[in-house]
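Listed below, chain by chain, are the residues.
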Amino acid sequence: MLDWSNTAINGLSLAGIAWDFSGAVALSRGWFFVSDARLKRQAASAWGTNPATARAFAETRLDTRFGLGQLLLGFGMQFVASAGFSISPGISSLAIGVIPVAWTVYLVGYPYRVIRNGLRLSVSSDAAESTWRKHYLDMPDLLWNRVLVNEGIEFKYKVPPGPKHPTN
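The structure presented is a predicted model; accordingly, all values stated were derived computationally and were not measured. (Residues numbered from 1 in each chain as written. Predicted model: local features only at pLDDT ≥ 70, side-chain atom pairs only at ≥ 80, totals over all residues. Heavy atoms only, no water.)

Examining the nonpolar core
Counting 30 residues, the largest nonpolar core has Ile115, Leu119, Trp132, Tyr136, Trp144 and Phe155 as the members making the most contacts within it. Listed by contribution, the elements that provide at least two residues to this core are helix 1 (11-32), helix 3 (51-82), helix 4 (89-122) and helix 6 (141-151). If one sorts the elements of this core by residue count, helix 4 sits on top with 10 residues. (Core = buried A, V, L, I, M, F, W, Y, C linked by side-chain atoms within 4.5 Å. Buried < 20%, exposed > 50% of the residue type's maximum accessible area, 1.4 Å probe, protein only. Helix = DSSP H or I, 4+ residues; strand = E, 2+ residues; numbered from the N terminus.)

Listed below in structure tokens is the structure:
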């Protein structure tokens, strides 16, 4: 028979499940929250290295690492709870309240890491910067240039001067 008691609630288990849900969202981000137009660009073919695919792989890798970390933390909490350990409701609320903070930190650094990891995947010395830059038009020029300087990435052919790239 199913019975419920508020004294039987294990905050550690609840926090673990919350982290698991958050990790599942991170793992599925690319499939559920990316537009069809963007997926079509990422699936396009190109001679040599495909910048859109390199970016997609970089984004997928970042989301997978973040989501897997959350899942492992959540399952770890549930494992400890199943061994009989418990935490107070206040600590449980704090553990769950850290999830939005983790997402904020992740998303603030996400654009930089996407550019860096995408360019690290496939930039060669004869690549034209304009070929790569057009796949990152949603990223501000200042951020793009900061990644190039900080990571020591150089292109043989630079983006020609002209109209500014649109930023969001």
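Quick look at the environment of Gly118
Among the secondary structure elements, Gly118 is positioned in helix 4. Sequence spacing of Gly118 and Ala52 is 66 residues, and the spatial spacing of their C-alpha atoms is 8.7 Å.

Overview of the side chain of Ser22
Topologically, Ser22 is positioned in helix 1. We classify Ser22 as buried; its relative accessible area is 7%. Of the polar contacts made by the side chain of Ser22, one reaches the side chain of Trp103; its length is 2.5 Å. If near-sequence neighbours (up to four positions away) are discounted, Ser22 is found in contact with Gln70, Ile99 and Trp103. (Polar contact = N/O pair within 3.5 Å; in protein donor to acceptor, adjacent residues only side chain to side chain. Contact = heavy atoms within 4.5 Å.)

Examining the packing of aromatic side chains
Per the stated rule, a full pass over the model turns up six aromatic pairs. Ring plane angle 45 degrees and centroid distance 5.5 Å describe the contact between Tyr136 and Trp144, whose orientation is recorded as tilted. By the burial criterion, Tyr136 is buried, and Trp144 matches it. Each member of the aromatic cluster is reached from another via a ring pair, and the members are Phe66, Trp103, Tyr106 and Tyr110. When the ring centre of Tyr110 is taken as origin, the NZ or CZ atom of Arg29, which lies over that ring, is 4.6 Å away. (Phe/Tyr/Trp six-rings, centres within 6.5 Å; stacked < 30°, edge-to-face > 60°. Lys NZ or Arg CZ within 6 Å of the ring centre and 35° of its normal.)

Side note on the pattern of salt bridges
Under the criterion given, the structure shown has five salt bridges. One salt bridge connects Asp63 with Arg29, and the closest N-O pair in it is separated by 3.1 Å. Linking Asp63 in helix 3 with Arg29 in helix 1, this pair joins segments that are 34 residues apart in sequence. A salt bridge links Arg120 to Glu151; the nearest nitrogen and oxygen atoms lie 2.7 Å apart. Linking Arg120 in helix 4 with Glu151 in helix 6, this pair joins segments that are 31 residues apart in sequence. A network of salt bridges, in which partner residues are shared, links Arg55, Glu59 and Asp138. (Salt bridge = Lys/Arg side-chain N within 4 Å of Asp/Glu carboxyl O.)

These figures capture arrangement, not role.
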